[in-house]
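Structural characterization, general
The residues making up each chain are set out below.
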Amino acid sequence: MLKRISVLVLAGLTAMSVASCGSGGGSGDGSITMGFAQVGAESGWRTANTKSVQEAAKEAGITLKFSDAQQKQENQIKAIRSYIQQKVDVIAFSPVVESGWDTVLKEAKDAKIPVILTDRAVDSKDTSLYKTFLGSDFVEEGRKAGTWLVEEYKSATDPVNIVELQGTTGSAPANDRKAGFAEVIAADPKFKVVASQTGDFTRAKGKEVMEAFLKSNPDIDVLYAHNDDMGLGAIEAIEGAGKVPGKDIKIITIDAVKDGMQALADGKINYIVECSPLLGPQLMDLAKKVLKGETIEARVVTEETTFTQEQAKTALPGRKY
């Protein structure tokens, strides 16, 4: 960044004034610098998401300033403020939680730096604080998980006891995946969520919480995990308790990362709802359009599918993440 500014100084004041015009289409020399504030590296999904963003930036010729918030909102806010001070052309981030972003987003807006939300939403009433939100429909993912469950147990007459491993408390995927699932199963009283707790989207926490669930609820029929990693941790706990995952306890997860898909193909998971992490190319495309002043949709939904055990076997060889 400093090198570029010094080049502009040498080129004369006219060029420098062009470079400091705010959000008129990247820097004066035509290059684009993006500040990207990532949630962390809490799962296989997130690692694949980071790789996609980094590779797509390189491919698009966009300079990427990257920060890892380690799942702490204050770290993300600090990173965004740093990007504003560095006068990047565009800021993109995947918010750790939904609330508490208005102040820093207003600072970006006042600095005329456009913001793109990726993967997760914010609950700000002022939608002018960001240009677009690129990501999955998490409510729909929860609905898909619930729909499979209802179909799987349609002929059952006994109560179906469900435990739920929620994602990070307050995050958009945790809130929405819970809501979509609850909406679908609410129609039939035999479905009972007997325990629901956060596993923070990590394998270690998924295992720990599932161990606690198994001790306090001896009769569990179904596990619904908000991501594959927590589901994989829970499988260790289930096996440790002498039960067979996928048979004694049916398991539904969301993401479809390679490890999850392998467990699905092996019969340890019963159903996975896909949530694609490969958002990089779409993000770079949106950044270029925003900086050119083009009109873009306020909500860009990624295309995704679902997988049964048989479909996982077919899809696994060509899986990118």
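All of these numbers come straight from a predicted model, not from anything done at the bench.

1. Some thoughts on the pairing of strand β7 (residues 191-198)
- Across 7 bridges, the pairing between strand β6 (residues 160-166) and β7 is parallel. Paired with Asn-161 across the strands is Lys-192, a residue of β7.
- Handedness of the crossover is the feature at issue here: the chain leaves β6, passes through helix α7 (residues 172-185), returns alongside β7, and the resulting connection is right-handed.

2. What to know about the nonpolar core
- In terms of nonpolar packing, the biggest core is built from 29 residues, with Leu-165, Met-210, Phe-213, Leu-223, Ile-249 and Met-261 touching the most fellow members.
- Residue assignment for this core shows that the elements contributing at least two residues are β6, α8 (203-216), β8 (222-225), α9 (228-240) and α10 (258-265).
- Tallying contributions element by element places α9 first for this core, with 6 residues.
- Among residues more than four places away in sequence, those in contact with Met-210 are Val-163, Leu-165, Ile-220, Leu-223, Ala-234, Ala-237, Ile-238 and Ile-249.
- Ranked by size, the runner-up nonpolar core spans 22 residues in total, among them Phe-138, Phe-181, Val-273 and Tyr-321.

3. Notes on the side chain of Ser-94
- Take Ser-94: it is sitting in the loop between β3 (90-93) and α5 (102-110).
- Excluding residues within four positions of it along the chain, Ser-94 makes contact with Ala-37, Gln-38, Val-39, Arg-46, Gln-76, Thr-118, Asp-119 and Arg-120.

4. Describing the pattern of salt bridges
- Considering all chains together, one arrives at 20 salt bridges under this definition.
- Note that Glu-42 is salt-bridged to Arg-46, the shortest N-O span being 3.1 Å.
- The exposure class of Glu-42 is buried, given its relative accessible area of 9%.
- The class for Arg-46 is buried, based on a relative accessible area of 2%.
- Lys-289 is the partner of Asp-285 in a salt bridge, and the nearest nitrogen-oxygen pair spans 3.5 Å. Of this pair, Asp-285 and Lys-289 both sit in helix α11 (residues 280-291), 4 residues apart, which is roughly one turn of that helix.
- By relative accessible area, which is 39% here, Asp-285 ends up partly exposed.
- Judged by relative accessible area, which is 30%, Lys-289 ranks as partly exposed.
- A network of salt bridges, in which partner residues are shared, links Glu-42, Arg-46, Asp-119 and Arg-120.

5. Some points on empty space enclosed by the protein
- As enumerated under the stated definition, the model contains 1 cavity of 30 Å³ or more in all.
- Put simply, the largest cavity is a space of about 100 Å³.
- For the largest cavity, the lining is made up of 13 residues, of which Trp-45, Arg-46, Arg-177, Phe-201 and Asp-255 are closest to its centre.
- The set of elements that each furnish at least two residues to the lining of the largest cavity consists of α3 (44-60) and α7.
- Classifying every residue of the lining of the largest cavity gives 5 nonpolar, 2 polar and 6 charged.

6. Regarding the sheet that holds strand β10 (residues 271-274)
- Reading across the sheet, the 6 strands line up as β7-β6-β8-β9-β10-β12 and stay open at both edges, with mixed pairing between neighbours. The open sheet has two free edges, formed respectively by β7 and β12 (306-307), since each of these has just one partner strand.
- As judged from the 4 bridges shared by strand β9 (residues 250-255) and β10, these two strands associate in the parallel manner. Across the sheet, the residue bridging to Ile-254 is Val-273, located in β10.
- Sitting on the sheet, α8 touches β6, β7 and β8, and the angle it makes with β6 is about 150°.

7. Quick look at the sheet that holds strand β2 (residues 62-68)
- Read across the open sheet, the 6 strands follow the order β2-β1-β3-β4-β5-β11; overall the sheet is parallel. Every interior strand has two partners, whereas the edge strands, β2 and β11 (299-301), have only one. With direction set aside, neighbouring strand axes in the sheet form an average angle of 20°.
- Alignment of β3 against strand β4 (residues 115-118), held across 3 bridges, turns out to be parallel. Directly across from Ile-91, in β4, lies its bridge partner Val-115.

Calculation notes
- Residues numbered from 1 in each chain as written.
- Predicted model: local features only at pLDDT ≥ 70, side-chain atom pairs only at ≥ 80, totals over all residues.
- Heavy atoms only, no water.
- Pairing = 2+ DSSP bridges.
- Helix = DSSP H or I, 4+ residues; strand = E, 2+ residues; numbered from the N terminus.
- Right-handed = clockwise from strand over helix to strand, strands pointing away.
- Core = buried A, V, L, I, M, F, W, Y, C linked by side-chain atoms within 4.5 Å.
- Buried < 20%, exposed > 50% of the residue type's maximum accessible area, 1.4 Å probe, protein only.
- Contact = heavy atoms within 4.5 Å.
- Salt bridge = Lys/Arg side-chain N within 4 Å of Asp/Glu carboxyl O.
- 1 Å grid on protein atoms, 1.4 Å probe; cavity = no way out; pocket = protein on both sides within 12 Å on 5 of 7 lines; lining within 4 Å.
- Points joined across faces, edges and corners; volume = space filled by probe spheres on them.
- Nonpolar A, V, L, I, M, F, W, Y, C, P; charged D, E, K, R; others polar.
- Axes fitted to C-alpha atoms, helices over the stretch in contact; angles between N-to-C directions.

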